[in-house]
Amino acid sequence: MELGREIMGSGLIERSTFLGSSKVHTFYQKTNQFFWVNSVSQKRRVGLRRKAVGVKPVVAAISENLVRAVVPEKAVKYKVRGVVTVRNKNKEDLTETLFKHFDAFTDKIGRNVVLELVSTEIDPKTKAPKKSNQAVLKDWSEKSNLKTERVNYITEFTVDSNFGNPGAITVSNKHQKEFFLESITIEGFASGPVHFPCNSWVQSSKDHPAKRIFFSNQPYLPSETPSGLRALREQELKDLRGDGQGVRKLSDRVYDFDVYNDLGNPDKGVDLARPTLGGQKIPYPRRCRTGRLPTDTDMHAESRVEKPLPMYVPRDEQFEESKMNSFSNGRLKGTLHNLLPSIMANISANNHDFKGFSDIDSLYSEGLLLKLGLEDDLLKKLPLPKVVGKIQQSSQGNLLKYKTPKILSKDRFAWLRDDEFGRQAIAGVNPVTIERLEVFPPVSKLDPQIYGPQESALKEEHILGHLNGMTVQQALDENKLYIVDYHDIYLPFIDRINSLDGRKAYATRTVFFLSPLGTLKPVAIELSLPLAGPTSRSKRVVTPPVDATTSWIWQLAKAHVCSNDAGVHQLVNHWLRTHATMEPFILAAHRQLSGMHPIFKLLDPHMRYTLEINALARQNLINADGVIEACFTPGRYCMEMSAAAYKDFWRFDLEGLPADLIRRGIAVPDPSQPHGLKLLIKDYPYASDGLMIWSAIENWVQTNVTRYYPDSAQVCNDKELQAWYAESINVGHADLRHEAWWPTLATPDDLTSILTTIIWLGSAQHAALNFGQYPYGGYVPNRPPLMRRLIPEEGDPEYKSFVADPQKYFLLSLPSLLQATKYMAVVDTLSTHAPDEEYIGERNHPSIWTGDAEMVEGFFGFAAEIGRVEKEIEKRNSDPTLRNRCGAGVLPYELLAPSSEPGVTCRGVPNSVSI
């Protein structure tokens, strides 16, 4: 018995977590016969487990020298067990159910799920990796009717005593139906359980004949890859890259690049044609290639797939079931919100516009259709009554009643106040545009030959009376003047925008004064139009009001600023800077970094769902005549404006938070400060909270980089890492690849900076820009996404009607009822956290995502630091000296508070761009 124990090691005998009794069986080979040996005490097994708490590199179960001494003529064969965890769907359609039963039947007659263990070592005889026998899932048919979320299946492998360390498993699915393989755990090796985190859909071999490859959680740099895994490492990456040919199937796992040539639909008319984004003419980041056929009328435009048909993204990037259900319900509710007001508008032409602020309030208090007595009648006429009924039931009968936005929760008139207008520039949903004003008046960078004089119309006399007794120069010198400047990004598009039906816009500049209390006070708004002729007035300055008429003009000017802000926020800061520019880094990571690469393991949670949500955006949001074009001021020119910002303003080296704050003049370098810089607006909630999260991310990244890259040579010689970064730039951002500002990747510090920036953009930056969209924009007067009228001046035909009824004029300038409700429904969906959200400081399988115990421990340290950040944010939101986040009627700043419940919460930092 002792000899058997020695031969088998502690693995199979003492460490199996599948064996509950105090006795287990093991065996050894003698003259080719198996003999079973009983007994090992539970106490001994537990003691051995305690010694193996840390995750260590897997070692062979049996000492080869010992085996040779016992059975010199032949290696001992022994068995190891595997638990294969498969995640079930909560709901299956009829076809899926039939296939499931069919697979259970055929599994009994040999059409199984087949697995094979692959060693890290090469067999000296075959010159190929050592392999186990082919094993099957023993109990698939018996467990086919289980309704649990996860099902654990058992398999058993036979390996030689000289097998070495298991490093990979291949899986063949001979069933008809795909299944989601969550993880595999192998027990029976001396070092303890060997974990294989999979989290992947395994397709039927009839559709995808090649075996799927899964690696253990042990990380390896390319140069350290064990000999038995090198070919598999290369093969897996080759499979993920594909060949760049053909139409992608929804079941494919191919990551490739393409230009944005699928936003328009020229086959439906010239009005729906849109230019290709990406290329020398209109630079833009690349998106995931689908390979769809070209349109009939334009060979360079890709044919569209319209909802509800799915867009291609690699199979493992598609939403999981709970996420898809949450997103689909939100989208259907949004469709109903849009459809019913449209029907109502057709019933009565008078319902196109809001007649008073009470009409807006009724959207939250009673539901507009309920108020008009139309809800029940119209719901009966809608298709899909069962689906509508379920959603209505989940909405407590208030399907057409919008949630009250947070901006109204503490003070329903807060949006009217100038201090709230200023506060939202640093603590609202778009706090990343404000800059310190260094020169007064501000100067345009546009070509004066095309756009007129570069000088602003702002003069000292416009602001002098609002600077607490300071001169303009004093205010500049003491860092008291700030600006939100949309002049240069809007002016090239204004003529085209204003020629659209129901769109009127200015290119705006807003100057703020930083008060002694730390709050921002708007002191002047400049409204610019392109020159219509040599004598035309193209610029107008509006200052804080002095009477009733100027009060309404001031409110209209602020509304135009907010409309500009909403457009730049959505098209540039949100979509471009956190969605579109991230996609190339994600595509290249899957194509160039093996799943066993430690940097892929670090990035993995920060790439979740991004490709899918970007594909859905191309289908429904940023496409021709989509929600963005319908709801935002630039209309059909929305994406061209986004592309202009990419070409003229976007720089990866300035996308990290500290660099961005310094670029905007909001902070100055200061080594004595905690984050190496000093904020010039001390109570700047986005920046002060963001710097805490930035530092936590940076420290976590540095922990990883230091662990695997002790010197620059390791960074430079990592072929996968260098290929990832090179492809991200040269292919994914091909139109800007020659820019001198791209950071080099030559040192550990370079790598830390690049990775910190990417993780920051995918997590905290996106959260700060996304999850406040409904809380702040759900009340349209606070943040109108478009304006329909310019501000009249004395002598204009509309001036008399403005003076006669300024409230009516103001409401007619805002989006129509249909535009407003469509916008509200969309930002409601975009602001919603799904039930399966993973927040920063969390990740799937936190104890086994890597086999490196030092990194597991480091991640728990990172999670603890995120917890401390959350407590500090709570403390700041209760500090009455911080007037931009605490005070009567002032909303707390929680957009960077890490955790959240599901739903629209105006807080929570998910790991990735997942909505």
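Residues numbered from 1 in each chain as written. Predicted model: local features only at pLDDT ≥ 70, side-chain atom pairs only at ≥ 80, totals over all residues. Heavy atoms only, no water.

A look at the environment of Thr295
- By the secondary structure assignment, Thr295 is in the loop between strand 12 (287–288) and helix 6 (321–347).
- Spatially, the C-alpha atoms of Thr295 and Asp262 are 9.3 Å apart, while their sequence positions differ by 33 residues.
- Setting aside residues no more than four positions away along its own chain, Thr295 makes contact with Pro266, Asp267, Ala301, Glu302 and Ser303. (Helix = DSSP H or I, 4+ residues; strand = E, 2+ residues; numbered from the N terminus. Contact = heavy atoms within 4.5 Å.)

Some remarks on the packing of helix 17 (residues 583–592) against helix 25 (residues 719–732)
- The geometry of helix 17 relative to helix 25 is characterised by a closest axis approach of 8 Å and an angle of 140° between their N-to-C directions. Here helix 17 lies oblique to helix 25, going by the angle between them. Remark: the crossing between helix 17 and helix 25 carries right-handed chirality. Along its contact with helix 17, which presents Pro584, Phe585, Ala588, Ala589, Arg591 and Gln592, the element helix 25 presents Glu720, Ala723, Trp724, Glu727, Ser728 and Gly732.
- Here the residues of the contact of helix 17 with helix 25 are counted per class, giving 6 nonpolar, 3 polar and 3 charged. (Axes fitted to C-alpha atoms, helices over the stretch in contact; angles between N-to-C directions. Parallel < 35°, antiparallel > 145°, perpendicular 65-115°, else oblique. Left-handed = near helix turned anticlockwise from the far one by under 90°. Nonpolar A, V, L, I, M, F, W, Y, C, P; charged D, E, K, R; others polar.)

Digging into the nonpolar core
- Ranked by size, the top nonpolar core spans 181 residues in total, and within it Tyr284, Ile434, Tyr686 and Trp724 carry the most contacts.
- With 14 residues, the single largest contributor to this core is helix 16 (residues 548–580).
- When residues of this core are sorted by domain, at least three fall in each of domain 2 (321–402) and domain 3 (417–567).
- Apart from residues lying up to four places away in sequence, Ile434 is in contact with Ala425, Ile426, Tyr482, Ile483, Val484, Phe512, Leu520, Arg664, Ile666 and Tyr684. (Core = buried A, V, L, I, M, F, W, Y, C linked by side-chain atoms within 4.5 Å. Buried < 20%, exposed > 50% of the residue type's maximum accessible area, 1.4 Å probe, protein only. Domains from an automatic or database assignment.)

Brief notes about the side chain of Asn573
- When you line up the elements, Asn573 lands in helix 16.
- In terms of polar contacts, Asn573 uses its side chain to reach the side chain of Thr433, at 3.2 Å.
- Contacts of Asn573, omitting those with residues within four sequence positions, involve Asn430, Val432, Thr433, Val568, Thr578 and Leu769. (Polar contact = N/O pair within 3.5 Å; in protein donor to acceptor, adjacent residues only side chain to side chain.)

Considering the sheet that holds strand 13 (residues 435–436)
- The antiparallel open sheet is built from 5 strands, whose spatial order is 13-14-15-16-17. Two strands bound the open sheet, and with one partner strand each, they are strand 13 and strand 17 (539–542).
- Pairing geometry for strand 16 (residues 520–528) and strand 17, over 4 bridges, is antiparallel. When the bridges of strand 17 are listed, Leu527 appears paired with Arg540.
- Along the sheet face, helix 11 (residues 418–427) touches strand 15 (507–514) and strand 16 and points at about 85° away from the line of strand 16.
- Docked against the sheet, helix 16 engages strand 15, strand 16 and strand 17, running at close to 80° with respect to strand 16. (Pairing = 2+ DSSP bridges.)

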